[in-house]
Amino acid sequence: QVQLVESGGDLVNSGGSLKLSCAASENIFNFNTMKWYRQAPGKESEFVASINVVGKIQYADSVKGRVTMSRDGSKKTIYLEMNSLKPEDTAVYYCYANILSRKYWGQGTQVTVSS
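Residues numbered from 1 in each chain as written. Predicted model: local features only at pLDDT ≥ 70, side-chain atom pairs only at ≥ 80, totals over all residues. Heavy atoms only, no water.

Tracing the chain through its elements places T33 in strand β4 (residues 33-39). Aside from chain neighbours lying at most four places away, what touches T33 is S50, I51, N52, Y96, A97 and N98. (Helix = DSSP H or I, 4+ residues; strand = E, 2+ residues; numbered from the N terminus. Contact = heavy atoms within 4.5 Å.)

Counting across every chain of the model gives one cavity of 30 Å³ or more. Of the volumes computed, that of the largest cavity is approximately 50 Å³. What lines the largest cavity is I28, F29, F31, N32, T33, M34, I51, N52, V53 and R71. Among the elements of the structure, β4 and β5 (46-52) are those that each provide at least two residues to the lining of the largest cavity. The residue inventory of the lining of the largest cavity, partitioned by class, reads six nonpolar, three polar and one charged. (1 Å grid on protein atoms, 1.4 Å probe; cavity = no way out; pocket = protein on both sides within 12 Å on 5 of 7 lines; lining within 4 Å. Points joined across faces, edges and corners; volume = space filled by probe spheres on them. Nonpolar A, V, L, I, M, F, W, Y, C, P; charged D, E, K, R; others polar.)

Right, let's get into the packing of aromatic side chains. Per the stated rule, a full pass over the model turns up five aromatic pairs. Consider the rings of Y37 and F47, whose centres lie 6.0 Å apart with planes at 75 degrees: the pair is edge-to-face. Of this pair, Y37 sits in strand β4 while F47 sits in strand β5; the two residues are ten residues apart in sequence, bridging distant segments of the chain. Residue Y37 is classed as buried on the basis of its relative accessible area, which comes to 17%. Of the aromatic side chains, those joined through ring pairs into one cluster are Y37, F47, Y96 and W105. (Phe/Tyr/Trp six-rings, centres within 6.5 Å; stacked < 30°, edge-to-face > 60°. Buried < 20%, exposed > 50% of the residue type's maximum accessible area, 1.4 Å probe, protein only.)

Taken as a whole and judged by the stated rule, the model has four salt bridges. Here D89 ties to R38 by a salt bridge, and the two come within 2.9 Å at their closest N and O atoms. Here D89 is found in the loop between β8 (77-82) and β9 (91-99), whereas its partner R38 is found in strand β4, with 51 residues between them in sequence. By relative accessible area, which is 2% here, D89 ends up buried. (Salt bridge = Lys/Arg side-chain N within 4 Å of Asp/Glu carboxyl O.)

Here it is in structure tokens:
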């Protein structure tokens, strides 16, 4: 069973930075795509960023220019580096991965940005 474990969430001040990690239980190049989603209280889940097996990265417009997604195959980990954080970035951030139609989710990590 594939496991995804997020970490790195924290309480930060507006304008601050955080780097989230998502560690997979297997080779991340087995996955077609890995993504970051977030869900704020009372809101629907929102796509944040994605990387596919060949390394193409896409970002949501809401975070473009402030967020960098990366990966380290040797550590079986993907990252989400977030800068210039805003209170509206407050959410639980989830890691997602898929192998064809099989989808996997992490448990989430809380990011809180105080104004």
